[in-house]
Amino acid sequence: MIDRIDTLDLHFQDQRHIIAAYLLPHADGVALIETGPGSTFPMLQAQLAERGLTPADISAAFLTHVHLDHAGAAGHLARHGTTIYAHRIGVPHLSSPERLLTSAERIYGDDMDALWGEMPPVPEAQLVALDDGDTVSLGGEKLTALDTPGHASHHMSYVVGDVCFTGDVGGVRMPGEHHVELPLAPPEIDLDAWRESLTWLRTAADHHNLRRLAPPTSASTTTSLPTSIGWRPPSRRRTSGPHRACPAGTTARRPSRTP
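Here the residue index of a chain counts from 1 through its sequence in written order. It should be noted that, the model being predicted, local features are given only for residues of pLDDT at least 70 and side-chain atom pairs only at 80 or more, the latter also being counted only at that level, while totals for whole chains, interfaces and linings use all residues. Calculation of side-chain values draws on the structure's entire complement of heavy atoms; hydrogens and water are dropped beforehand.

**Observations regarding the sheet that holds strand 5 (residues 83–87)**
Backbone hydrogen bonds are what pair the strands of a sheet, in a parallel or an antiparallel way. Quick note on the threshold: A pair of strands is treated as paired once DSSP finds two or more bridges between them. By definition, any uninterrupted DSSP run of H or I lasting at least four residues is a helix, any uninterrupted run of E lasting at least two residues is a strand, and each is numbered from the N terminus. Throughout, an axis means a line fitted to C-alpha atoms (over the contacting stretch in the case of helices), and angles, computed between N-to-C directions, take values from 0 to 180 degrees.
Strand order in the open sheet formed by 6 strands is 1-2-3-4-5-6, and the pairing between neighbours is mixed. Because the sheet does not close on itself, it has two edges, and the strands there are strand 1 (6–9) and strand 6 (127–130). Adjacent strand axes in the sheet meet at a mean angle of 25° when their direction is disregarded. Pairing between strand 4 (residues 58–62) and strand 5: 3 bridges, direction parallel. Bridge assignment links Ala61 to a residue of strand 5, and that residue is Ile84.

**Some points on the pattern of salt bridges**
Threshold: By salt bridge we mean one thing: a side-chain nitrogen of Lys or Arg within 4 Å of a carboxyl oxygen of Asp or Glu. Throughout this description, buried means an accessible area under 20% of the type-specific maximum (1.4 Å probe, protein chains only), exposed means over 50%, and partly exposed covers the range between.
If you walk through the whole model with that rule in mind, you get 5 salt bridges. Here Glu50 and Arg51 are joined by a salt bridge, their closest N and O atoms 3.9 Å apart. Judged by its relative accessible area of 64%, Glu50 is exposed. A relative accessible area of 31% means that Arg51 is categorised as partly exposed.

**Quick look at helix 1 (residues 41–50)**
How we decide: Starting at the helix axis, one direction is taken to each C-beta atom, and the arc is that of these directions. Two residues form a contact once any of their heavy atoms are found within 4.5 Å.
Every buried residue of helix 1 is accounted for by Phe41, Leu44, Gln47 and Leu48. End-on, the buried residues of helix 1 take up no more than an arc of 115°, which puts them together on one face. Turned more than 90 degrees away from the buried face of helix 1 sit Pro42 and Glu50, all of them exposed. Looking at the packing, one finds that the buried side of helix 1 touches strand 1, strand 2 (20–26), strand 3 (29–33), strand 4 and helix 3 (74–78). Two residues or fewer after helix 1 comes Gly52, characterised by a positive phi angle close to 75°.

**So, the packing of aromatic side chains**
The cut-off we apply is this: Ring geometry is summarised as follows: Phe, Tyr and Trp rings, the Trp one being its six-membered ring, pair when their centres sit within 6.5 Å, and such pairs are stacked at plane angles under 30 degrees, edge-to-face over 60 and tilted between the two.
A complete count under the given rule lists 5 aromatic pairs for this structure. Measuring from centroid to centroid gives 4.5 Å for Phe62 and Tyr85, while their planes differ by 20°, and the two rings are stacked. One end of the pair, Phe62, is in strand 4; the other, Tyr85, is in strand 5, and 23 residues separate them in sequence. On the basis of relative accessibility, which here comes to 0%, the residue Phe62 falls in the buried class. Classification of Tyr85 as buried rests on a relative accessible area of 15%. The structure contains a cluster of three or more aromatic residues connected by ring pairs, namely Phe12, Tyr108 and Trp116.

Right under this line is the structure:
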């Protein structure tokens, strides 16, 4: 799989290596992991055009979570026919993003539009809600969704072949930095769940024979799993999984399961 992954640098705020999406060509079409924000949708279109593609060629987009930097352009792609996949808790915010946008406006104020652009709603008919362990066929290759809360309660990681697309739960490495850092987005941060998600990902790495991580910035593109900061060699011994993502104010433990 690694040789077919194409990293699309979205040049957020005219800077390279800040926000990226991943293009996954497969036997039946083309999929995306992440869409980037609405403000970078023109750059996404340009990146696709360089590869002889248009947004109409993207049959599916998989979101690790619905924060604006990862999912803001989902509605733009949906206008071109793309089916959008996301955690079941995040899906309602894609069809009705008003609450998400109101929350973001409290943080970004007058900079909201310049930073993130428009986030159109995704029609419900083009949304697919994912649960932990769900699989989707991409041209005969299996994509597996892993519930990995911590950065957000509705965070998913995706396994395709020997690569894991970790979103923000795997940390980010910005240009010029040598270390992976945690992207902290209050008020939803749950550090205990985050630690357990990393433990769960190490177990999943063993089960799926993962070799590479694909974090959310093109500064690090794909990283070999043994040298990734915050990861240890996969253990053969099963550990308890992370907290199940739940509505605000509730908690639950993930039942024992196979990755």
